[in-house]
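Okay, here's what each chain looks like letter by letter:
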Amino acid sequence: MQLYGTEINSRLMLGTAQYPSPSVLAEAFRRSDAGIATVSVRREAGAERGGAAFWNLVRDLGVTLLPNTAGCHSVREAVTTAQMARELFDTNWIKLEVIGHADTLQPDPFGLVEAARILTEDGFQVYPYTTEDVVLADRLLDAGCEVLMPWGAPIGTGLGLTNIYGLRTLRAQFPDVPMVVDAGLGLPSQAAMALEMGFDAVLLNTAVAKAGDPAAMAEAFARAVEAGRLAYHADPMEPRDMAAPSTPVIGKAFLS
Amino acid sequence: MMIEINGTMTEVRADTLAGVLDELGHGDGKVATAVNETFVPAAARGQTALAPGDRVEIVAPRQGG
């Protein structure tokens, strides 16, 4: 899979937050086979040096880092956060979040497009956290985004793909744009479904980090993603309303 | 002078961003900075003068989703 010209060997992208411990995080990443890890920037107190410890941890994971602008509600805040993240993580990649609603963590579509344009012009390669809205997707592509990250459901809910119709429409509308279903996934079956529908990858965090056994759940997602992609390429059958016997009718013994 | 560092009013002696970072123990720390909501690259910290009441943000790599 190519994202902004970079070959990524895994269709599972994993967040680094909320794990019970750094060692559980590392084990979850090992078993997930994830190719990309999301990270953030947060305030640092002088003597704390928490940033350096975390930096060493994620560097050792051997994955590509995708910093985010999580929690930003304005364009200015998101742009400044992206610029700080670029310097800290030494990457032009940014997962752009401009949050518009406190309860649903729904993206602010207007701020998202504006920030995506500013960041693209500043040399960033933007991964916008968006909805399944096709008009918004079109605007984001116009603003210079080459990858889209539609939500499955609101962040942290684990509800899965709540608008199958909308996601299917989005996928069909822009068949050549790499798309990552980001946020709202709770179960491997939901990730498999996203891949079966033709999405290129999934990004999740809470579903693994908050599982009773994060490492096992990470592996479960890895297998689901692989199964989903395989099924997509295998050209699934069309569903139908009426039953159709799978065992041949001809040749059945006539017994009354 | 009093400036705001990560949301807390703080008395500092230095008058440049680089000086304040040293004073607070960040020195060679892995941090990025913004002053009054505008990003300041590491290379510009030495020439970035601070005035009383300026808002300084100092951030580091952290867990994210």
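Residues numbered from 1 in each chain as written. Chains lettered and ligands numbered in written order. Predicted model: local features only at pLDDT ≥ 70, side-chain atom pairs only at ≥ 80, totals over all residues. Heavy atoms only, no water.

Draft legend 1. Examining the UniProt feature "active site" (unreviewed entry) in chain A more closely. Using the residue numbers shown here, the UniProt feature "active site" (unreviewed entry) corresponds to A:K95. Side chain to side chain, A:K95 and A:E97 meet in a polar contact 3.4 Å long. (UniProt positions renumbered as here; feature names shortened; annotations may be inferred. Polar contact = N/O pair within 3.5 Å; in protein donor to acceptor, adjacent residues only side chain to side chain.)

Draft legend 2. Focus on the interface of chain B and chain A. Counting residues at the interface gives 29 residues for chain B and 30 residues for chain A. Each partner contributes to the roughly 2,400 Å² buried at the junction of chain B and chain A, and carbon and sulfur atoms together form 54% of this total. Of all residues in chain B, B:K30, B:R62 and B:G65 bury the most surface against chain A, accounting for 29% of the area lost on that side. At the junction of chain B and chain A, the tally comes to 3 salt bridges. In this structure, B:R45 and A:E87 form a salt bridge, with 3.4 Å as the shortest nitrogen-oxygen distance. The biggest single contributor to the side of chain B that touches chain A is strand β5 (residues 55–63) of chain B, with 7 residues. As paired strands, strand β4 (residues 36–43) of chain A and β5(B) are joined by 5 bridges and run antiparallel to one another. For A:S40, the partnering residue across the bridge sits in β5(B) and is B:R62. (Contact = heavy atoms within 4.5 Å. Buried area = accessible area lost by both parts, 1.4 Å probe. Salt bridge = Lys/Arg side-chain N within 4 Å of Asp/Glu carboxyl O. Helix = DSSP H or I, 4+ residues; strand = E, 2+ residues; numbered from the N terminus. Pairing = 2+ DSSP bridges.)

Draft legend 3. Main features of the environment of A:A17. One can find A:A17 in the loop between β3 (12–15) and α1 (22–32). On a C-alpha basis, the gap between A:A17 and A:T206 in space is 7.7 Å, while along the polypeptide they are 189 residues apart. When neighbours within four sequence positions are excluded, A:A17 is seen to be in contact with A:N205, A:A209, B:Q63, B:G64 and B:G65.

Draft legend 4. Structural context of the nonpolar core. Counting residues in hydrophobic clusters, the biggest one holds 81 residues, and the most contacted among them are A:F29, A:L96, A:V126, A:V202 and A:L204. The contacts of A:F29, once residues within four sequence positions are left out, are A:L14, A:G15, A:T16, A:Y19, A:A34, A:I36, A:A37, A:L61 and A:V63. Listed in part, the 14 residues of the second largest apolar core include B:V35, B:V56, B:I58 and B:A60. (Core = buried A, V, L, I, M, F, W, Y, C linked by side-chain atoms within 4.5 Å. Buried < 20%, exposed > 50% of the residue type's maximum accessible area, 1.4 Å probe, protein only.)

Draft legend 5. Looking closely at the environment of A:R11. Residues and elements named next belong to chain A. Checked against the element boundaries, R11 lands in the loop between β2 (6–7) and β3. Residues R11 and P245, 234 residues apart in the sequence, show an inter-C-alpha distance of 36 Å. Non-local contacts of R11, meaning those with residues more than four positions away in its chain, are made with M1, L195, D200, A201, V202, V225 and R229. Here D200 takes part through its backbone oxygen, which lies 2.8 Å from a polar atom of the side chain of R11.

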